[in-house]
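Chain by chain, the residues run as shown.
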Amino acid sequence: MNTKEILKVVAWDVVNPFILSLKKKRKYDFPRNFNGLNLGCGVENPPNWIGIDGGLTNYVLNKYPALVPKSVAKGINLANSHEEECMDKLKTMKLIHHELNYGIPFFDNSVPNIYSSHFFEHLFKDQAINLLKECFRVTEPGGMIRICVPNLEDEVNAIQEAVDKYKSGNNKHAIQHFVTIEHQGYLPAFSNHRCMYDLAEMTELLEAVGYRDVARCTYRSGNIVDVDKLDTREGLMVEAVKP
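Residues numbered from 1 in each chain as written. Predicted model: local features only at pLDDT ≥ 70, side-chain atom pairs only at ≥ 80, totals over all residues. Heavy atoms only, no water.

> Tell me about the overall build of the protein, residues and numbers included.
A count of helices and strands for the protein gives 8 helices and 7 strands. The globule rule puts the C-alpha radius of gyration for 243 residues at 18 Å, and the 19 Å found for the protein is close to it. On the principal axes, the C-alpha backbone points of the protein span a range of 60 × 50 × 30 Å. Relative to its 243 residues, the protein shows a buried fraction of 42%. (Helix = DSSP H or I, 4+ residues; strand = E, 2+ residues; numbered from the N terminus. Rg over C-alpha atoms; globule rule 2.2 N^0.38 Å. Buried < 20%, exposed > 50% of the residue type's maximum accessible area, 1.4 Å probe, protein only.)

> Just give me the short version of the pattern of salt bridges, but keep the residues and values in it.
Oppositely charged side chains can pair when the atoms bearing their charge come close. Enumeration over the complete set of coordinates arrives at 10 salt bridges. A salt bridge links Glu5 to Lys8, with the shortest nitrogen-to-oxygen separation between them at 3.8 Å. Taken as a pair, Glu5 and Lys8 lie in helix H1 (residues 3-22) at a separation of 3 residues, close to a single helical turn. For Lys8, a relative accessible area of 31% corresponds to the partly exposed category. Note that Lys165 and Glu161 form a salt bridge whose closest N and O atoms lie 3.5 Å from each other. Highlighted residues: Lys165 and Glu161, both in helix H5 (residues 152-168), separated by 4 residues, approximately one helical turn. (Salt bridge = Lys/Arg side-chain N within 4 Å of Asp/Glu carboxyl O.)

> Before we move on, could you go through the packing of helix H4 (residues 125-138) against helix H7 (residues 199-209) and cite the residues and values that matter?
The geometry of H4 relative to H7 is characterised by a closest axis approach of 9 Å and an angle of 50° between their N-to-C directions. The angle between H4 and H7 falls in the class oblique. Crossing handedness for the pair H4 and H7: right-handed. Residues Lys125, Ile129, Leu132, Lys133 and Phe136 of H4 pack against Glu201, Leu205, Leu206 and Val209 of H7. For the contact of H4 with H7, a count of residues per class yields 6 nonpolar, no polar and 3 charged. (Axes fitted to C-alpha atoms, helices over the stretch in contact; angles between N-to-C directions. Parallel < 35°, antiparallel > 145°, perpendicular 65-115°, else oblique. Left-handed = near helix turned anticlockwise from the far one by under 90°. Contact = heavy atoms within 4.5 Å. Nonpolar A, V, L, I, M, F, W, Y, C, P; charged D, E, K, R; others polar.)

> Can you tell me about the confidence of the model for the protein, naming the residues and giving the values?
Mean pLDDT for the protein: 91, with 93% of residues reaching 70 or above. Segment residues 75-80: pLDDT under 50, and 17 contacts once partners within four positions in sequence are set aside and those in other chains are kept. (pLDDT = per-residue confidence, 0-100.)

> Could you give me a rundown of the sheet that holds strand S1 (residues 37-39), with the residues and numbers involved?
Taken in spatial order, the 7 strands line up as S3-S2-S1-S4-S5-S7-S6 in an open sheet, and their pairing is mixed. For this open sheet the edge positions go to strand S3 (95-97) and strand S6 (212-217), each flanked by a neighbour on one side alone. Each adjacent strand pair in this sheet contributes to an overall mean axis angle of 20°, direction not counted. Strand direction decides the pairing type here: strand S5 (residues 139-149) and strand S7 (residues 236-241), joined by 6 bridges, are antiparallel. In the sheet register, Ile147 faces S7, and the bridge partner there is Val238. (Pairing = 2+ DSSP bridges.)

> Help me get a handle on the pairing of strand S2 (residues 50-53), residues and values and all.
Side chains Ile50 and Ile52 project from S2 onto one buried face, and the interleaved Gly51 and Asp53 project onto a second face that is buried too. Of the pairings in the sheet, the one linking S1 to S2 comprises 3 bridges and is parallel in character. Its bridge partner lying in S2, Leu39 is registered against Ile52. Across 3 bridges, S2 lies against S3 in parallel orientation. Each bridged residue has a counterpart across the sheet, and for Ile52 the counterpart in S3 is Ile96.

> Report on the pairing of S7, specifying residues and quantitative values.
S7 sits mainly inside the fold: 5 of its 6 residues count as buried. Examined bridge by bridge, S6 and S7 share 4 bridges and lie antiparallel to one another. What sits directly across from Arg216, in S7, is Val238.

Below, the structure written as structure tokens:
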């Protein structure tokens, strides 16, 4: 392991967990001029939403941008943003640095809406269930939750297609994507997918914690406020309401 990899390990596995642990029991009052919480937001968060993210780089760029060289932005998940745009977003967005496995740092029935895109699949299933319970706890009655995750059904179909190509001899390389890992070096804990969902299972989980009127939606279409700004990636999109 070279010096760069060692520094990554220290930053992500020692420094960041320590900083997050200091904030474990902190609670916030939800301001009335914001529309909701964006869980695991990364660099994508509309101005009138409060992002919650445990990433060390995002936190430092958000709170202390003058201390960070532009080269640090390289390697961040830019989503639909270029490097400069990514830096600008992180400097100006409303962001809470928090480990969501500790829960959501807001009071009961205090949050109007909750949104999350391509985050829940990075949690183990028991962690996802606990976080959904927290979502329900903090959501105001009548408030909405919208979750976007990769669709397990699409992944299964892609695997089946790769298997068929392999067995037919037409393409023996397509299956490699599903049985090998190309990345070399250190990866933070939330880099890999830990549990995938289809519509039936996501509906079951949302209803189990108390949400009702679960409905599948399409990209940038739905009932939650600012959906056209919130959605930045395709996937399985589900909305539900707290009674």
